[in-house]
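Here is how the chains run, residue by residue.
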Amino acid sequence: MVDALGIAVIGFGWMGRVHTQAYSRVRHHFPQLPVRPELVTVAEDVPGRAEEAAERYGFATATRDWREVAADPRVHAVSITAPNFLHREIGVAMAEAGKHVWVEKPVGLSGEDARAVADAVAKAGVQSAVGFNYRCAPAVEAARDLIASGELGAVTHVRVRLFSDYAAHPDGALTWRYERARGGSGVLGDLASHGADLARFLVGDIASLAADTAVFVPERARPAGATAGHALASGGEPGPVENEDYVNCLLRFASGARGVLEACRVSVGEQNNYGFEVHGTRGAVFWDFRRMNELRVSRGTTYQDQPVSTVYVGPGDGEFAAFQPGAANAMGYDDLKVIEAYRFLRSVAEGEPYGATLADAVRAAAALDAMAESAERRGWVDLPAT
């Protein structure tokens, strides 16, 4: 008999929907999962949105007040997909109420916020997960294994890029994402957090860094009403963009490797151009999210003029076998969130962590804080040792 696990989702924009769909699909792909998620309640303060979500996805109840979730004995685990400024308050409250938490990155507005949630989770003895979905791609896990095997030699340098156009339109609405008080950092928290996690996941801890940031669209129109995603709002009252559109960052890893991380949310002509290049003393590996299920790999002993081959991931890589029977069959973004849901629920069932946790969020947040400090004082910043 598989035990039911009561699930709540707090915040029902696009990411809340993605989490909900992942819970609905997870046992289709991972029938061995020893718990069965049940959608108990959805919380969203935009009028009508929670009720609509409950009707569409089958939540038993809906509420506009997330605090009711903490007091609900039917709820065992919570997805926190609300805006960044709410992550700390909600995350701490849910942990203190004994709920397991899956929090979207960057887990608050700062490293202090991420640590507060991590401390509450540790004190309560509950499990956690964090939405670093790109590390869940089977090709990324295959790249990590390849690097760890030593087949590429010692890693010398790394480049991680995250370019998107979601904020490129000058009529993009001035939502909470562009405000310091509610969004915190801009592209740092939204995209560079993934970059920092990928760099650490692949190569190891970042020891120090130097960063530069810029705002390229300094003013936007305030929306007339509630928004979801990246809506347009021409003609509204203009307001300032308070956080960065762009960051570039030099990295020094504890291993001695060097790196470059670059992220931008206003890159016209770029749609989710996310990826990495890792070079070693004997080879290299390259990954592009837009071709998520393949790697380009150079390995051998010729060094100069050494060829690069395309390798398609297959059932032996990561969780690929849960989705497709053979190599070169495509997986997509939402599948990565199903993998996150599986690892989170497995952590809850078995009482030990699988996948990215709040400890990973704290390390990524430390890198983001260091980037902001470096850009402000124009110098290198050391990261705290693990």
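Here the structure is a predicted model, which means the values were calculated and not measured.

> Please give an account of the sheet that holds strand E4 (residues 77-80) that cites residues and values.
The strand order across the open sheet built from 6 strands is E3-E2-E1-E4-E5-E6, with neighbouring strands paired in parallel fashion. Each edge of the open sheet carries a strand with a single partner, namely strand E3 (61-63) and strand E6 (128-130). Neighbour-to-neighbour, the strand axes of this sheet turn through a mean angle of 25°, independent of strand direction. In this structure, E4 lies alongside strand E5 (residues 100-103), joined through 4 bridges in parallel fashion. Within E5, the residue paired with Ala77 across the bridge is His100.

> Describe in detail the packing of aromatic side chains, supporting the description with residues and values.
One pass over the structure, following the stated rule, counts 14 aromatic pairs. With a centroid separation of 5.1 Å and an interplanar angle of 80°, the aromatic rings of Tyr134 and Phe289 are classed as edge-to-face. Of this pair, Tyr134 sits in the loop between E6 and helix H6 (138-149) while Phe289 sits in the loop between strand E14 (284-288) and strand E15 (294-298); the two residues are 155 residues apart in sequence, bridging distant segments of the chain. Look at Tyr134 and you get buried, because its relative accessible area is 8%. Through successive ring pairs, a cluster of aromatic residues spans Trp14, Tyr134, Tyr274, Phe276, Trp287, Phe289 and Tyr333. Of note, Arg144 hangs over the ring of Phe201, and the distance from its end group to the ring centre comes to 4.1 Å.

About the thresholds
Residues numbered from 1 in each chain as written. Predicted model: local features only at pLDDT ≥ 70, side-chain atom pairs only at ≥ 80, totals over all residues. Heavy atoms only, no water. Pairing = 2+ DSSP bridges. Helix = DSSP H or I, 4+ residues; strand = E, 2+ residues; numbered from the N terminus. Axes fitted to C-alpha atoms, helices over the stretch in contact; angles between N-to-C directions. Phe/Tyr/Trp six-rings, centres within 6.5 Å; stacked < 30°, edge-to-face > 60°. Buried < 20%, exposed > 50% of the residue type's maximum accessible area, 1.4 Å probe, protein only. Lys NZ or Arg CZ within 6 Å of the ring centre and 35° of its normal.

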